[in-house]
Amino acid sequence: QVQLVESGGGLVQAGGSLRLSCAASGSIFRINTMRWYRQAPGKQRELVALITSGGSTNYAGSVEGRFTVSEDNAKNTMYLQMNSLKPEDTAVYYCNADINSDPSRPYRYLEVWGQGTLVTVSS
């Protein structure tokens, strides 16, 4: 069984910073892409950032220049450094990853979600 656990959320004032972590554990052979999503009150879940196993990154336009996604492959952990936070960044942030657990089936990936961590930015 594979699981993702997010941490690092909390309450911060506008202009402040937070660093989120997403730790993957369990029977992991290879992680392809890891992603950060967020869901604000009354809105649909949206993609915030992603990082591939090779280190390539992509960001939503609303966070580019303020957020940085990184990973530590040895620890199976992804991070999201959030700077210059705005009230509109308030949301539950979710970790998502495509994970292969069986090297004999290299094309079999499962999409795994964490339970989320709440980020609240006050004005």
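One structure accompanies this document, and this report is about it. Just so it is clear, the model here is predicted, and its values are computed rather than measured.

**Some thoughts on the side chain of Arg66**
So, point 1. As for its placement among the helices and strands, Arg66 is situated in the loop between β6 (57-59) and β7 (67-72).
So, point 2. For Arg66, a relative accessible area of 11% corresponds to the buried category.
So, point 3. If sequence neighbours within four positions are ignored, Arg66 has contacts with Gln81, Met82, Asn83, Ser84, Leu85, Lys86 and Asp89.

**Considerations on the side chain of Arg35**
So, point 1. Relative to the elements of secondary structure, Arg35 occurs in strand β4 (residues 30-39).
So, point 2. On the basis of relative accessibility, which here comes to 15%, the residue Arg35 falls in the buried class.
So, point 3. For Arg35, the contacting residues outside a window of four places in its chain are Leu47, Ala49, Leu50, Met78, Tyr94, Cys95, Asn96 and Asp98.

**A closer look at the environment of Lys43**
So, point 1. Along the chain, the position of Lys43 falls in the loop between β4 and β5 (46-52).
So, point 2. Distance from Lys43 to Ala91, taken between C-alpha atoms, is 9.4 Å for residues 48 residues apart in sequence.

**A closer look at the nonpolar core**
So, point 1. Leu4, Met34, Trp36, Leu80, Met82 and Tyr93 are the most contacted members of the largest nonpolar core, which has 31 residues in total.
So, point 2. Only β1 (2-7), β3 (18-26), β4, β5, β7, β8 (77-82), β9 (91-100) and β11 (117-122) provide two or more residues apiece to this core.
So, point 3. The element best represented in this core is β9, accounting for five residues.
So, point 4. In this structure, Met82 is in contact with Gly16, Ser17, Leu18, Leu20, Arg66, Phe67, Tyr93 and Val119, ignoring residues within four places of it in sequence.

**Examining the packing of aromatic side chains**
So, point 1. Evaluated as defined, the whole model comprises one aromatic pair.
So, point 2. Over the ring of Trp113 we find Arg45; its NZ or CZ atom is 4.8 Å from the centre of that ring.

**Here we look at the sheet that holds β3**
So, point 1. Strand order in the open sheet formed by four strands is β1-β3-β8-β7, and the pairing between neighbours is antiparallel. Strands with a single pairing partner mark the edges of an open sheet, and in this sheet they are β1 and β7. The average angle at which neighbouring strand axes cross in this sheet is 15°, direction not considered.
So, point 2. Of the strand pairs in this sheet, β7 and β8 are connected by six bridges, and their pairing is antiparallel. Residue Asp72 lies in a different strand from β8, and its bridge partner there is Thr77.

Rules of the game
- Residues numbered from 1 in each chain as written.
- Predicted model: local features only at pLDDT ≥ 70, side-chain atom pairs only at ≥ 80, totals over all residues.
- Heavy atoms only, no water.
- Helix = DSSP H or I, 4+ residues; strand = E, 2+ residues; numbered from the N terminus.
- Buried < 20%, exposed > 50% of the residue type's maximum accessible area, 1.4 Å probe, protein only.
- Contact = heavy atoms within 4.5 Å.
- Core = buried A, V, L, I, M, F, W, Y, C linked by side-chain atoms within 4.5 Å.
- Phe/Tyr/Trp six-rings, centres within 6.5 Å; stacked < 30°, edge-to-face > 60°.
- Lys NZ or Arg CZ within 6 Å of the ring centre and 35° of its normal.
- Pairing = 2+ DSSP bridges.
- Axes fitted to C-alpha atoms, helices over the stretch in contact; angles between N-to-C directions.

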